[in-house]
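Fold and geometry: a report
So the chains spell out like this:
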Amino acid sequence: MRDVRAVGGLWRWRRNPLRRPTDLAEAWLALTALLLVTLAAPLIGILTGSAAHTSLQRSVRAQQQSRHLVTATVVRELDPAPATTDPELLGGAPSSRVLARWTAPDGSGRREAVQARLPDPRPGDTFRIWTDGRGDRVARPLEPGAATAHAVLAGAGAAMLAAGLFEGGRRLLLRRMFRGRYARWDREWGRVGPDWGRAGADS
């Protein structure tokens, strides 16, 4: 729709004895806006998406190297805690608060209260958790597919934002040109208006 509006100004390219300099300026503005929206905005989106993809995939590799999936063993079930903010458990299957023990990747033993995706935990039950190299709980590593999806969304958002800015700039400049034109009309009318219709006014 924005492209159609921009193209609407291209009729001013046609040669016409009544064409004003501002008409030609509006045509240049319409052409520039059209090229920016159809060429520059997608390019900005591609570059932004590519940069985001590179950065996110780097984060994916770093997280996969620094985060480890270990097996935890239930020691005993604990009383329920306030609503959890653990991203691994939000919106998923029912979980229970348990005292668990596990061996960290560095070989040290850990024993602490955690949320487990176990509806009825019993001593000796096992479950898997993500930890860092010292055994501290961490969120699940970002998946490559999720990183790609985020990069695509970032690129699309950047392209849409750029197109909106280009179209907004075109409208702003066009409004200023209209105001300048109306101001000139007012000055001309102020000069010739009082004599309009009088005999011999043009002599």
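Every value quoted in this text rests on a predicted model; they were computed, and no experiment measured them.

Bringing the overall build of the protein chain into the picture now. The helix and strand tally for the protein chain stands at three helices and four strands. In the protein chain, the succession of α and β elements from N to C terminus is α-α-β-β-β-β-α. A total of 203 residues make up the protein chain; the buried ones form 29% of that total. When contacts within the protein chain are restricted to residue pairs at least 6 apart in sequence, long-range pairs at least 24 apart make up 66% of them.

Once that is clear, we can look at the pattern of salt bridges. One side chain can pair with another of opposite charge once the charged atoms of both are near each other. Scanning the model with the defined rule gives seven salt bridges in all. With a closest N to O distance of 3.1 Å, Asp120 and Arg122 form a salt bridge. On the basis of relative accessibility, which here comes to 45%, the residue Asp120 falls in the partly exposed class. Taking relative accessible area as the criterion, Arg122 reaches 48% and is therefore assigned partly exposed. For Glu167, the salt bridge is made with Arg171, and the minimal N-O distance between the two is 2.9 Å. Note that Glu167 and Arg171 are positioned in helix α3 (residues 144-192) at a spacing of four residues, about one turn of the helix. Given a relative accessible area of 3%, Glu167 falls into the buried group. Look at the salt bridges and you will find they share partners, linking Arg110, Glu112, Asp132, Arg134 and Asp136 into a network.

The strand order across the open sheet built from four strands is β3-β2-β1-β4, with neighbouring strands paired in antiparallel fashion. The open sheet has two free edges, formed respectively by β3 (109-116) and β4 (126-131), since each of these has just one partner strand. Pairwise comparison of adjacent strand axes, ignoring direction, gives a mean angle of 45° for this sheet. Two strands pair when backbone bridges link them, and strand β1 (residues 68-77) and strand β2 (residues 96-103) are joined in this way by four bridges, in the antiparallel orientation. Across the sheet, residue Arg76 finds its bridge partner in β2, namely Leu99.

Take Ser96: it is sitting in strand β2. What makes Ser96 buried here is its relative accessible area of 6%. Engagement of the side chain of Ser96 in a polar contact is seen with the backbone oxygen of Leu118, the distance being 2.5 Å. Once you skip the residues sitting within four places of it in the chain, Ser96 turns out to touch Glu77, Val114, Gln115, Ala116, Leu118, Pro119 and Pro121.

This paragraph deals with the nonpolar core. Formed by Val70, Ala72, Val74, Val98, Ala100, Trp102, Val114, Ala116, Leu118, Phe127 and Ile129, the largest nonpolar core amounts to eleven residues. Within the residue set of this core, elements represented by two or more residues are β1, β2, β3 and β4. Look past the residues within four positions of Val70 in its chain and what remains in contact with it is Trp102, Thr103, Pro105, Phe127, Arg128, Ile129 and Thr131.

With that out of the way, let us pick up the confidence of the model for the protein chain. Per-residue pLDDT for the protein chain has a mean of 81; in total, 74% of the residues score no lower than 70. Long-range and interchain partners of residues 1-7, a stretch whose pLDDT sits below 50, account for twelve contacts in this model, where long-range means more than four residues apart.

The residue Ala113 is located in strand β3 in this model. By relative accessible area, which is 36% here, Ala113 ends up partly exposed. Distance from Ala113 to Val74, taken between C-alpha atoms, is 9.6 Å for residues 39 residues apart in sequence. In this structure, Ala113 is in contact with Leu78, Arg97, Val98 and Leu99, ignoring residues within four places of it in sequence.

The rules we used
Residues numbered from 1 in each chain as written. Predicted model: local features only at pLDDT ≥ 70, side-chain atom pairs only at ≥ 80, totals over all residues. Heavy atoms only, no water. Helix = DSSP H or I, 4+ residues; strand = E, 2+ residues; numbered from the N terminus. Buried < 20%, exposed > 50% of the residue type's maximum accessible area, 1.4 Å probe, protein only. Contact = heavy atoms within 4.5 Å. Salt bridge = Lys/Arg side-chain N within 4 Å of Asp/Glu carboxyl O. Pairing = 2+ DSSP bridges. Axes fitted to C-alpha atoms, helices over the stretch in contact; angles between N-to-C directions. Polar contact = N/O pair within 3.5 Å; in protein donor to acceptor, adjacent residues only side chain to side chain. Core = buried A, V, L, I, M, F, W, Y, C linked by side-chain atoms within 4.5 Å. pLDDT = per-residue confidence, 0-100.

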